[in-house]
Amino acid sequence: MFTGIITDIGTIRELEKRGDLRARIETGYDTQGIDLGASIASDGVCLTVIELGADWYDVEISAETVSKTNLGDWQVGKRVNLERALKVGDELGGHIVSGHVDGVAVIVAMQDEGDSTRVTLRAPKALARFIAPKGSVALNGTSLTVNEVDGCDFGINFIPHTKDATTWGDVAVGDRINLEIDTLARYVARLAEMS
């Protein structure tokens, strides 16, 4: 489990396509404190650490994960949002995030509003019904509050701190973004279907 509060920005150092995709991610984390088998959310996708170095870790990404996320778009040099898994007693600053991406949204518009940036994304139709104004979503692993919803489109506002502390300062119209809907929204919708 994660909170959607990004604690490091990693860089893709190597990519190797075998049966699955293997990635080496450079990190500022103290890798001596990371165990093999640990979970680290990388752009919102819960990935298992399979090898460690002084300032990097390796993960294997299944073909299934590549097909459901934007990880197939990764290139060497790309910066990615990182978050280590929660430990008992950690502060829950965002919302409960599983690292199990539901689908990919696409940035359809961006507009500066003062020092902040308003970003409009288009969600897949099957997921749009789970997104509500003032509800939570995780986008590329970042816990965010939805401002407004119009059909499949929804808006997020990024303050300067978020753009500096994450990769959100790097995005552009047309970028594909990992979308994890709020777990609570999923259960509320399921209950409504059953009544």
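Our subject is the structure listed above.
Student: Help me get a handle on the sheet that holds strand 5 (residues 56-61), residues and values and all.
Tutor: Strand order in the closed barrel formed by six strands is 1-2-5-4-3-6, and the pairing between neighbours is antiparallel. The average angle at which neighbouring strand axes cross in this sheet is 45°, direction not considered. With three bridges joining them, strand 4 (residues 45-52) and strand 5 adopt antiparallel strand pairing. Residue pairing in the sheet places glutamate 51 in a bridge with aspartate 58 of strand 5.

Student: With reference to specific residues and values, describe the nonpolar core.
Tutor: Core analysis: the biggest nonpolar cluster contains 22 residues, and Leu121, Val137, Leu139, Phe154, Ile156 and Leu179 have the highest contact counts within it. Secondary-structure elements contributing two or more residues to this core are strand 7 (103-113), strand 8 (116-122), helix 2 (125-128), strand 9 (136-139), strand 12 (153-158) and strand 13 (176-181). Not counting residues within four places of it along the chain, the set of residues in contact with leucine 121 comprises Ala105, Val106, Ile107, Val108, Leu139, Cys152, Asp153, Phe154, Ile156 and Ile177. Core analysis: the second largest hydrophobic core is formed by 19 residues, Tyr29, Val45, Ile61 and Trp74 among them.

Student: Describe the packing of aromatic side chains, naming the residues involved and giving the relevant values.
Tutor: This structure, assessed with the given rule, holds one aromatic pair. Sitting over the ring of tryptophan 56, arginine 24 keeps its end group 3.5 Å from the ring centre. The ring centre of tyrosine 29 lies 5.8 Å from the NZ or CZ of arginine 84, which sits over that ring.

Student: Account for the layout of surface pockets, naming residues and giving values.
Tutor: Volume-wise, the largest pocket comes out at about 280 Å³. Lining the largest pocket are 16 residues, and of these Ile5, Thr142, Ser143, Leu144 and Thr162 lie nearest its centre. At the level of secondary structure, the elements contributing two or more residues to the lining of the largest pocket comprise strand 10 (142-145), strand 12 and helix 3 (160-165). With four residues, the single largest contributor to the lining of the largest pocket is strand 10. Residue composition of the lining of the largest pocket, by class: seven nonpolar, nine polar and no charged.

Student: Please set out the side chain of aspartate 182 residue by residue, giving values where relevant.
Tutor: As for its placement among the helices and strands, aspartate 182 is situated in the loop between strand 13 and helix 4 (183-194). Judged by relative accessible area, aspartate 182 falls into the buried class, the value being 16%. Beyond its immediate chain neighbours, meaning those up to four positions away, aspartate 182 contacts His95 and Ser136.

Student: Can you break down the sheet that holds strand 8 residue by residue, with the values?
Tutor: With respect to topology, seven strands assemble into an open sheet ordered 10-9-13-7-8-12-11, the strand pairing being antiparallel. On the outer flanks of this sheet lie strand 10 and strand 11 (148-150), each paired with one strand and no other. Adjacent strand axes in the sheet meet at a mean angle of 35°, parallel and antiparallel pairs treated alike. Bridge count between strand 8 and strand 12: six bridges; the pairing is antiparallel.

Student: So what about the pattern of salt bridges? Which residues, and what values?
Tutor: Using the criterion set out here, one finds 13 salt bridges in the structure. Of the charged contacts, one joins arginine 13 and aspartate 55 as a salt bridge, the two residues approaching to 2.9 Å between their closest N and O atoms. Taken as a pair, arginine 13 in strand 1 (residues 8-17) and aspartate 55 in the loop between strand 4 and strand 5 lie far apart in primary sequence, 42 residues in all.

What counts, and where the lines are drawn
- Residues numbered from 1 in each chain as written.
- Predicted model: local features only at pLDDT ≥ 70, side-chain atom pairs only at ≥ 80, totals over all residues.
- Heavy atoms only, no water.
- Pairing = 2+ DSSP bridges.
- Helix = DSSP H or I, 4+ residues; strand = E, 2+ residues; numbered from the N terminus.
- Axes fitted to C-alpha atoms, helices over the stretch in contact; angles between N-to-C directions.
- Core = buried A, V, L, I, M, F, W, Y, C linked by side-chain atoms within 4.5 Å.
- Buried < 20%, exposed > 50% of the residue type's maximum accessible area, 1.4 Å probe, protein only.
- Contact = heavy atoms within 4.5 Å.
- Phe/Tyr/Trp six-rings, centres within 6.5 Å; stacked < 30°, edge-to-face > 60°.
- Lys NZ or Arg CZ within 6 Å of the ring centre and 35° of its normal.
- 1 Å grid on protein atoms, 1.4 Å probe; cavity = no way out; pocket = protein on both sides within 12 Å on 5 of 7 lines; lining within 4 Å.
- Points joined across faces, edges and corners; volume = space filled by probe spheres on them.
- Nonpolar A, V, L, I, M, F, W, Y, C, P; charged D, E, K, R; others polar.
- Salt bridge = Lys/Arg side-chain N within 4 Å of Asp/Glu carboxyl O.

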